[in-house]
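# Chains, contacts and geometry: an overview
Listed below, chain by chain, are the residues.
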Amino acid sequence: SAASDVYKRQVLADLGVSSPQLDVAARGFSFRGDGPPDMRMNPEAGETAAELIDRLEENELADLIYAYGEERLSRRIARRLVAERPWSGSGRSSGDLAYVIAGCFPPPARRGRIHPATRTFQALRIAVNDELGQLDRLLQRAPDWLVPGGILAIISFHSLEDRRVKTAFLADERLERVTRKPLVADEAEAEANPRSRSAKLRVARRLP
């Protein structure tokens, strides 16, 4: 069909989290939310962020926060989160979780433009939803969906994703890069849509 042919010639993957999901307090993504620390994209499956914090050993939690959030205070944060257990079923909110994390930072860092819990929340969300595993599977399968000359374009929103896309495009013998460096939002777009500031677009073409 015509629709099928278009799909095979162009595949676009937007890895960003849905804004409506982020903005619903009950989903647990917000620093100031009054809902439980859930963070699941599918609220009907898998363990919540609170359950993950309760299950992991302190060193495992610290490693997760460092690996997925690139947070330099990961060990201090993990120690504090473990000391505050249990999180699941405790009645505490994602706002309470953010407050505890922020308390691990010196006062000047708590007043910065970026909330001090940002990187830890990112790490927990990535782990809960297996986001990097999903991306790896996409990068492996997507080239086979394309006809020769077909375009694969991926928009990522943090360095962990972007590095994986860059590495896959370089290593995959089925692909050649169209963009040597990622395309980013210009000043006007970033002003109109602040969430586009961290977006990076990489494009590759399917070889014969």
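The text that follows walks through the structure, step by step, so that each part is easy to find. Bear in mind the structure is a predicted one, so any value in this text is a computation, not a measurement. The numbering scheme is per chain: residues are counted from 1 as the chain's sequence reads. Local features are withheld for residues below a pLDDT of 70 in this predicted model, meaning they are given only at 70 or higher, and side-chain atom pairs are given and counted only at 80 or more; totals for whole chains, interfaces and linings count all residues. With hydrogens and water excluded, all non-hydrogen atoms of the structure serve as input to the side-chain values.

### Considerations on the side chain of glutamine 122
Structurally, glutamine 122 can be placed in helix 8 (residues 118–129). Apart from residues no more than four positions distant in its own chain, glutamine 122 is found in contact with Tyr68, Gly69, His158 and Leu160. A run of H or I in DSSP counts as a helix once it spans at least four residues, and a run of E counts as a strand once it spans at least two, with each numbered from the N terminus. The contact definition used throughout considers only heavy atoms, calling two residues in contact when any of these lie within 4.5 Å.

### Some thoughts on the pairing of strand 2 (residues 151–156)
Under the scheme applied here, a residue whose accessible area is under 20% of the maximum for its type counts as buried, over 50% as exposed, and between as partly exposed, the area being computed with a 1.4 Å probe on protein chains only. Counting buried residues along strand 2, 5 of its 6 residues qualify, which places the element largely inside the surrounding structure. What makes two strands pair is DSSP finding at least two bridges between them. Here 5 bridges tie strand 1 (residues 10–14) to strand 2, and the two strands are oriented parallel to one another. Among the inter-strand pairings, glutamine 10 is bridged to a residue of strand 2, identified as isoleucine 151. Relative to strand 5 (residues 200–206), strand 2 runs antiparallel, the two being bridged by 6 bridges.

### What about the side chain of serine 156?
Among the structural elements, serine 156 can be located in strand 2. Leaving out residues up to four positions away in the same chain, serine 156 has contacts with Leu15, Glu161, Asp162, Ser198, Ala199 and Lys200.

### Concerning helix 8
In an α-helix, one full turn covers 3.6 residues, which means residues spaced three or four apart are oriented alike. Expected span, for any helix, means 1.5 Å times one less than how many residues it has. Along its 12 residues, helix 8 runs 17 Å from first to last C-alpha, staying within 8% of the 16 Å computed at 1.5 Å per residue. Every buried residue of helix 8 is listed here: Thr120, Phe121, Gln122, Ala123, Leu124, Arg125, Ile126, Val128 and Asn129. Elements in contact with the buried residues of helix 8: helix 3 (49–55), helix 4 (58–69), helix 5 (74–83), helix 6 (94–102), helix 9 (131–141) and helix 10 (159–171). Just downstream of helix 8 lies aspartate 130, where phi reads positive at about 50 degrees.

### Remarks on the packing of helix 6 against helix 8
Helix 8 packs onto helix 6 with a crossing angle of 125 degrees between their chain directions and a minimal axis gap of 9 Å. Between helix 6 and helix 8, the angle falls in the class oblique. Of the two elements, helix 6 crosses helix 8, and the hand of that crossing is right-handed. Here Ser94, Leu97, Ala98 and Ile101 of helix 6 lie close against helix 8, whose contacting residues are Thr120, Phe121 and Leu124. Ten residue types, Ala, Val, Leu, Ile, Met, Phe, Trp, Tyr, Cys and Pro, are classed as nonpolar, four, Asp, Glu, Lys and Arg, as charged, and the remainder, Gly among them, as polar. Taken together, the residues of the contact of helix 6 with helix 8 sort by class into 5 nonpolar, 2 polar and no charged. Axis definition: a line fit to C-alpha positions, over the contact stretch in the case of helices; interaxial angles, taken between N-to-C directions, run 0 to 180 degrees. Put simply, angles under 35 degrees are roughly parallel, angles over 145 are roughly antiparallel, angles from 65 to 115 are roughly perpendicular, and the rest are oblique. Left-handed describes a crossing in which the near helix is turned anticlockwise from the far one by less than a right angle; the clockwise case is right-handed.

### Quick notes on the packing of aromatic side chains
Note on aromatic pairs: the rings of Phe, Tyr and Trp (six-membered ring only in Trp) are paired at centre separations within 6.5 Å, and the planes decide the class, stacked below 30 degrees, edge-to-face beyond 60, tilted for the rest. Summed over all chains, the structure comprises 0 aromatic pairs. Only lysine NZ and arginine CZ atoms are considered, and such an atom sits over a ring when it is within 6 Å of the ring centre and within 35 degrees of the ring normal. When the ring centre of tryptophan 87 is taken as reference, the NZ or CZ atom of arginine 92 above it lies at 3.9 Å.

### Overview of helix 9
Looking only at helix 9, the buried set comprises Glu131, Leu132, Gly133, Leu135, Leu138 and Leu139. Of the surrounding elements, those touching the buried residues of helix 9 are strand 1, helix 4, helix 8, strand 2 and helix 10.

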